[in-house]
Structures are given as structure tokens and as C-alpha cells.
Amino acid sequence: MISTPRFRPRNLLVTGGAGFIGANFVHFWLGRHPTGRIVVLDALTYAGNRSSLEPREPDQRLRFVHGDIGDERLVGELLYDEMIDTIVHFAAETHVDRSIHDPDDFLRTNVIGTHALLKAARMAWLEDPRTATGEHRFHHVSTDEVYGSLGPSDPAFRETTPYAPNSPYSASKAAADHLVRAYHRTYGLSTVTSNCSNNYGPYQFPEKLIPLTLVNLLHGKPIPVYGDGQNVRDWLYVEDHCRGIELCLLDGAPGETYNFGGNKERTNVEVVRLLCATLDRWFASKPDLTRRFPDAPRSAGRPSDCLIEFVRDRPGHDRRYAVDVGKAERELGYRPVETLETGIERTIAWYLDNEPWWSSVMDGSYRRWMATNYAGSQGLDPTEPRRY
Ligand code: NAD
Ligand code: DAU
């Protein structure tokens, strides 16, 4: 039997590589693949931070390009000049709360931007005789939110679960997933889509539940828990997600989709209480934390969970997500390594060691971006509890 040679990515274009998962992926990939280059294309919105790539810059194997995925010409030039054979597409507007307040950017980047990227890839890899010479791969990073909301005893999302997005964010991601599928079926673009659950870990902007809770706990600010706090999410340590994407790039079949999750369903209030209890232990064993964070409740001898505040629910709030990773396990050998407890320990350790990173992204790049993009309007301030 003649076996087909496996696809081996050489030069990667990583869109959104200055964001949370993208930056983790860049570090992960460069650390494990000694040959080939990465070009990061990122528009540096409030969620993108060049400092997240700093330990790697300057690096002969990494180039940063400040630009928009919607700029088809720029993308085309990068694909040609850098001899890119693989796109790993992370760039997106990603925060559900923001999509409720202001959906336009979500459609612009997640739908129109993804389509511009697909068009540029099709032109370079399938149409242009200078570059349509070899194998290529378009890996699209998507979310479990496209499948909608589960009841308490519904089976977990499979790759065959019908799409039922409920927020402008998940609707925009669903639209992008459909476009990726269409470019495979219609034009033969070699695409793979992965849909994964809630990531957490280093470099996550403190607007999402885990880093927001952590930063607010350290500053003695309220922890806003939406509704009754019983909504369930599946939590995936970001390095496990990067491992899943690597498996897709190496062994994923063109046109396929794979679900990734952490097999760790928890209610939001359980996650917040776990963070509180873990941080309390850190304060008890490291006296310098009291000096560094005098406003933290633990510094005054109170337990961290005294800051929990139940607030009005997010509109359209999905009740439960759960991901069946059976296909990725069987076909790719995927298996998450971190438990929620070990992942939370690693995340807390990283945030305590990297206070300059989160202080500067919240006070510096975020505020500059808000002033330019939302002058005079009511943008969401990640440092304040969300009020619907
Ligand atoms: P993030 O918000 O942290 O980062 C997004 C990055 O994209 C930023 O660096 C931003 O500057 C960049 N960007 C935004 N618009 C752009 C544009 N028009 N052109 C170029 N760059 C642009 O996002 P994340 O949490 O790292 O998510 C990455 C991807 O993974 C997204 O596609 C998201 O839908 C998906 N995803 C995220 C999670 C999660 O829990 N964070 C879970 C499942 C799927
Ligand atoms: O499921 C994957 C998705 O996970 C990704 O596609 C999204 O990009 C990512 O933002 C995330 O979406 P969520 O809405 O699940 O994440 P978030 O951290 O915003 O919220 C997690 C849960 O916690 C959700 O049920 C809402 C709740 N929450 C969130 C915040 C920010 C609170 O109770 N209080 C909060 O302050």
C-alpha cells in the first residue's frame, strides 16, 4: 500500500499572534519546531500586545507585521514574499460581552476579515502560478460556542452537532466556519477547523472570567458573577489547545473539523471559588504578596471569596458548554495534560510573576486603544464590574 506523505508545515502566517492563544501558540511552535519561520500578522487591537511575543523578539525565525487580516493585498504579499505554506488563523474579536454592546467589529473582523484571508489564500495557493506550487494548509481556530447551549443532561458537543449560535460573537464565528468549509468544498482549499472550549493561561487579557477574577482579587475589587453563577463551561489550559492545533497541522485531514476541550466542566461560581481558595493558599505561604497587594482581602486577613458579587445576567447567556473530544483522541491522539487545579496553579504563578505585563496592557495599550476607537462612547472597561 502506498501511503500519502504527511503535510509538514514550514513557514507559518499566524494571524492574531499578539493575542492570548496566538502568542502562546507562537512560543509553543517555535520551541518545538527548530526549522521554518513564523510571520505574525496582528492589528494590535486592545487585545493584542506585542509584549506577549517579547521573549522571542528579536528572533530570526519570527517577524511581526502590524496589519489587518482584511487587507487582502498585504496578506497576498506576505504569502508570496515569505513563502508561507500554512496559515493559522486566530485573529478575531473574541469577547462575548463586547459583541453584545457593539457587534459591528465582530462582523468586520470575524466574517469579512476571515473571508479576505480565504480569498488571499485561494489566490496564492490555488491560482497564482508563482506560488500555487505545493501543499498548503489553512487552519481556522474556532469555538465550541457555535453549537449553542446545552441542557444539564444533553450529550457534549460533537463535530456533527448542528450549529445554533446565540451571541453576535458566536454567530460571527459560525459564519466564518461556514466560509472556511465552503472554500474547501468549492475551491479545494486545504482547510482544517478546530472548535474548542474556554481557554485560560498566560497572556490572557483581564476581561475574561479567570484573569479578570485574579486581577480583581489582587486589587480588592468586586468579582462580578453573572446571574446565579451556575452556567457551566469546559476549561482548557492554553498549552493543551496549542498541542491540539499542532496535531491538526501535522495529522489533521483536509476539510475536517476537530473539537478540543479539557474534559473539565465547572460552574462559574466553582471556578471563581477555586481561584479564591488557591490564591488564599498562595498568600498564606508567600508573605511578600501582602506587601505587593495591600488591597487584596487576604492582606487584611479576610478570605478572597468575600469579593464575590452576583450581578445581572449576560443577555442570551448560554447555560452550558461541554465538548466531546473523542474524534480528536481517536484520529489525532489528542489528550489534555493539565487538570483545572494544576492549570490554575500555573496561571496564578504566571500572573504573579508577570505583573508588569497585565498592568501595562490594562493601563497602557487598552486605554490608548479605547481613546482612539471609542472616544466619547461607552466602551466596556475591563477594570470595572460588568453591569447589564
Ligand atoms: P484575543 O482577543 O486574545 O486576541 C485576538 C487577537 O486578534 C489580538 O491580538 C488582536 O489584536 C487580533 N486582531 C483582532 N482583529 C484583527 C484584525 N482585523 N486583523 C488582525 N488582527 C486582529 O483572542 P484569543 O482569546 O486569543 O482567541 C483567538 C482565537 O481563538 C479566536 O479566533 C477565538 O474565537 C478562538 N477561541 C478562543 C477561545 C478562548 O477561550 N479564548 C476559545 C475558543 C476559540
Ligand atoms: O467557549 C469558548 C469561548 O470562551 C471563546 O470562544 C470566547 O472567545 C471566550 O471569550 C470564551 O467565552 P465565554 O463567554 O465563555 O468567556 P468569559 O470569560 O467571558 O465568561 C466565562 C463565563 O463566566 C461565562 O458564563 C460568563 C461568566 N462571567 C464572565 C465574566 C467576564 C461572569 O460570570 N463574570 C464575568 O465578569
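Everything below is about the structure printed above this text.
Below, the structure is looked at part by part.

Criteria and cut-off values
- Residues numbered from 1 in each chain as written.
- Chains lettered and ligands numbered in written order.
- Predicted model: local features only at pLDDT ≥ 70, side-chain atom pairs only at ≥ 80, totals over all residues.
- Heavy atoms only, no water.
- Buried < 20%, exposed > 50% of the residue type's maximum accessible area, 1.4 Å probe, protein only.
- Helix = DSSP H or I, 4+ residues; strand = E, 2+ residues; numbered from the N terminus.
- Pairing = 2+ DSSP bridges.
- Axes fitted to C-alpha atoms, helices over the stretch in contact; angles between N-to-C directions.
- Contact = heavy atoms within 4.5 Å.
- Expected span 1.5 Å × (residues − 1).

## Quick look at the pairing of strand E5 (residues 137-143)
Of all 7 residues making up E5, 7 are buried, and the element is well covered by its neighbours. Across the two faces of E5 the burial is the same, with Arg-137, His-139, Val-141 and Thr-143 and Phe-138, His-140 and Ser-142 all buried. As paired elements, strand E4 (residues 86-89) and E5 share 4 bridges and run parallel to each other. Residue pairing for E5: His-89 is matched across the bridge by His-140. The pairing of E5 with strand E6 (residues 191-196) spans 6 bridges and is parallel. Across the sheet, the residue bridging to Ser-142 is Asn-195, located in E6.

## Examining unusual backbone geometry
The residue Leu-44 is not glycine, and still its phi comes out positive at about 50°. Relative to the helices and strands, Leu-44 resides in the loop between strand E2 (38-42) and strand E3 (62-66). The class for Leu-44 is partly exposed, based on a relative accessible area of 24%. The backbone of Met-83 shows a phi angle near 50°, a positive value even though the residue is not glycine. Looking at the element boundaries, Met-83 is found in the loop between helix H2 (72-81) and E4.

## What to know about the sheet that holds E2
Pairing is parallel across the open sheet formed by 7 strands, whose spatial order is E3-E2-E1-E4-E5-E6-E10. Two strands in the sheet have a free side with no partner beyond their single neighbour: E3 and strand E10 (257-260). Taking the axes of each pair of neighbouring strands and ignoring which way they run, one obtains an average angle of 20° across the sheet. Running at roughly 155° to strand E1 (residues 12-15), helix H1 (residues 20-32) makes contact with E1, E2, E3 and E4 of the sheet.

## Things to note about helix H5 (residues 168-187)
A turn of α-helix holds 3.6 residues, and therefore any two residues three or four places apart point the same way. In a regular helix each residue adds 1.5 Å, so 20 residues correspond to 28 Å; H5 covers 28 Å between its end C-alpha atoms and thus fits that length. Where H5 is concerned, the buried positions are Tyr-169, Ser-170, Ser-172, Lys-173, Ala-174, Ala-176, Asp-177, Val-180 and Tyr-183. Buried residues in H5 make contact with helix H3 (96-101), helix H4 (104-127), E5 and E6. Backbone geometry just after H5 places Gly-188 at a positive phi near 85°.

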